[in-house]
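Report on the structure
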Amino acid sequence: MAKLPLSLEFFPPKTPEGVARLATARHELYALKPEFCSVTYGAGGSTQAGTLQAVQAILAEGVDAAPHFSCIGATQASIRERLAEFRAAGVRRLVALRGDLPSGYGGGSSEFRYASELVAFIRAESGREFHIEVAAYPEMHPQARSPQADLAAFAAKVEAGADSAITQMFFNSDAYFRFVDDAHALGVDIPVVPGIMPITNSSGIIRFAEGCGAELPRWIRLRLQAFGDDTASIRAFGLDVITDLCDQLRNAGVPGLHFYTMNHSGPTLEICRRLSL
Ligand code: FAD
């Protein structure tokens, strides 16, 4: 069986201990031979400097690395500066995003309103220099007017020059398959790689899924809640559920898997071990 391409997502640590812990997790995860690692930006107040530092560390370890890069509140001049920084650091792949709107944001004055505008600007500024990843939402972005409007927004990002996409986490593969079919019907044929969130706790995953508009099926939620404080059972159940999901996706021929590692190696390594990846 051909090897399934894997990619791994990290967030920039805020403390020296976090930096050391991430370095350890990363080295353990390199056993999976990831195609690339991506580093988030902005979420939880992280800065682009933190993102770039983590990306540089990964590149120095000989692994391809992609900074996430959001445009909300940015200007053309500031984006141009970031692109120059990325170029100087040897970055060749970006995850181009709108980013989450700050509370109270009116939207009127920003030079960029949507990720499609960022993708178009990066292409206009730098041609084919960067491989551009964008976000996809099998269960619809929470602020979209309708699933059709969100699909059209996704198609617009591809039209603007995106090379491939990573999905929001999901726990229901039907939503992913339907999204990919619908995108194909619109003539969109870039790889759409499922974003996989390992389940390692109960309240965190319930909150997190709700926040990003991903449905945690009732049977999963009820079982997680019934485990109470029994973290060993939660982890064991979570590994079973997510391994099954990945297995289904692999059997259906997905172009790769992107793991939201949360800077931990254990769950991702165990899922991949069970799948012989
Ligand atoms: P867009 O594609 O611009 O879509 C945003 C909304 O606008 C959608 O509802 C869409 O339907 C709508 N829309 C788009 N174009 C139009 C149009 N022309 N007219 C009307 N409506 C339109 N957030 C972070 O802060 N940091 C990160 O590092 C980060 N990494 C992520 C990685 C992945 C793989 C994913 C899936 C999400 C990530 N996010 C991150 C979250 C992301 O920033 C939010 O979901 C954000 O709200 C939307 O970003 P986007 O790039 O998908 O936006």
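In this report, we go over the structure that sits alongside the text.

Criteria and cut-off values
Residues numbered from 1 in each chain as written. Predicted model: local features only at pLDDT ≥ 70, side-chain atom pairs only at ≥ 80, totals over all residues. Heavy atoms only, no water. Helix = DSSP H or I, 4+ residues; strand = E, 2+ residues; numbered from the N terminus. Buried < 20%, exposed > 50% of the residue type's maximum accessible area, 1.4 Å probe, protein only. Contact = heavy atoms within 4.5 Å. Areas by Shrake-Rupley, 256 points an atom, 1.4 Å probe, with all protein chains shown as cover. Lys, Arg positive; Asp, Glu negative; His and termini not counted. Charge placed at Lys NZ, Arg CZ, Asp CG, Glu CD. Axes fitted to C-alpha atoms, helices over the stretch in contact; angles between N-to-C directions. Parallel < 35°, antiparallel > 145°, perpendicular 65-115°, else oblique. Left-handed = near helix turned anticlockwise from the far one by under 90°. Nonpolar A, V, L, I, M, F, W, Y, C, P; charged D, E, K, R; others polar. Pairing = 2+ DSSP bridges. Salt bridge = Lys/Arg side-chain N within 4 Å of Asp/Glu carboxyl O. Near = heavy atom within 4 Å. Polar contact = N/O pair within 3.5 Å; in protein donor to acceptor, adjacent residues only side chain to side chain.

What follows deals with the overall build of the chain. Broken down by element type, the chain carries ten helices and eight strands. Once the C-alpha set of the chain is aligned to its principal axes, its extents read approximately 50 × 45 × 45 Å. Scored against the burial criterion, the 277 residues of the chain give a buried share of 50%. When contacts within the chain are restricted to residue pairs at least 6 apart in sequence, long-range pairs at least 24 apart make up 77% of them. As presented, the chain carries roughly 13200 Å² of accessible surface, and 52% of it is formed by carbon and sulfur atoms. Measuring between centres, the 25 positive side-chain charges of the chain sit 2 Å from its 30 negative side-chain charges.

What follows is about the packing of helix α3 (residues 76-88) against helix α4 (residues 115-126). Taken N-terminus to C-terminus, the directions of α3 and α4 make an angle of 60°; their axes are 11 Å apart at the nearest point. The angle between the axes of α3 and α4 places the two elements in the oblique class. The crossing of α3 and α4 is right-handed. Within the contact between the two elements, α3 uses Gln76, Ile79, Arg80, Leu83 and Arg87 and α4 uses Leu118, Phe121, Ile122, Glu125 and Ser126. Of the residues assigned to the contact of α3 with α4, the class counts are five nonpolar, two polar and three charged.

Quick look at the pairing of strand β1 (residues 6-10) now. Counting buried residues along β1, five of its five residues qualify, which places the element largely inside the surrounding structure. Burial along β1 is two-sided: the residues Leu6, Leu8 and Phe10 and Ser7 and Glu9 are all buried. Where β1 meets strand β8 (residues 257-260), four bridges bridge the pair, whose relative direction is parallel. For Glu9, the partnering residue across the bridge sits in β8 and is Tyr260. Sheet analysis places β1 next to strand β2 (residues 36-39), joined by four bridges and oriented parallel. What sits directly across from Glu9, in β2, is Ser38.

Applying the stated criterion across every chain, the model contains 14 salt bridges. Here Asp163 and Arg123 are joined by a salt bridge, their closest N and O atoms 2.7 Å apart. Note that Asp163 is positioned in the loop between α5 (147-159) and β6 (164-169) and Arg123 in helix α4, a separation of 40 residues in sequence. The pair Asp163 / Arg123 is uniform in exposure class, with both members buried. Arg250 is paired through a salt bridge with Asp247; the nearest N and O atoms lie 3.1 Å apart.

Next up on the list: the sheet that holds β1. One closed barrel accounts for eight strands, arranged β1-β2-β3-β4-β5-β6-β7-β8; its pairing is parallel. Strand-to-strand, the axes of this sheet are offset by a mean angle of 30°, without reference to chain direction. Bridge count between strand β4 (residues 93-97) and strand β5 (residues 131-136): three bridges; the pairing is parallel. In the sheet register, Arg93 faces β5, and the bridge partner there is His131. Here helix α2 (residues 48-60) sits on the sheet and contacts β1, β2 and β3 (65-70); the angle it forms with β3, its principal contact strand, is near 165°.

Among the 23 residues in the neighbourhood of the ligand, the closest are listed as Tyr41, Asp100, Tyr137, Asp150 and Lys157. Within the backbone of Arg98, an N or O atom sits 2.7 Å from an oxygen atom of the ligand. A distance of 3.2 Å separates an oxygen atom of the ligand from a polar backbone atom of Ala144. In isolation the ligand has 970 Å² of accessible area, and contact with the protein removes 85% of it. Mapped onto the shell around the ligand, the elements with two or more residues apiece are α5 and β6.

Remark: helix α8 (residues 218-226) packs on helix α9 (residues 231-251), axes separated minimally by 10 Å, with the N-to-C direction vectors making an angle of 160°. When the interaxial angle is binned, α8 and α9 end up roughly antiparallel. Considering how the two elements wind past one another, α8 and α9 form a crossing that is right-handed. Counting all contacts with α8, which are made through Trp219, Ile220, Arg223 and Leu224, the residues of α9 involved are Ile234, Phe237 and Val241. Considered class by class, the residues forming the contact of α8 with α9 number six nonpolar, no polar and one charged.

Let's shift gears to the side chain of Thr268. Residue position: Thr268 is located in helix α10 (residues 266-274). Excluding its chain neighbours within four sequence positions, the residues that come into contact with Thr268 are Leu8, Leu29, Leu32, Pro198, Phe259 and Thr261.

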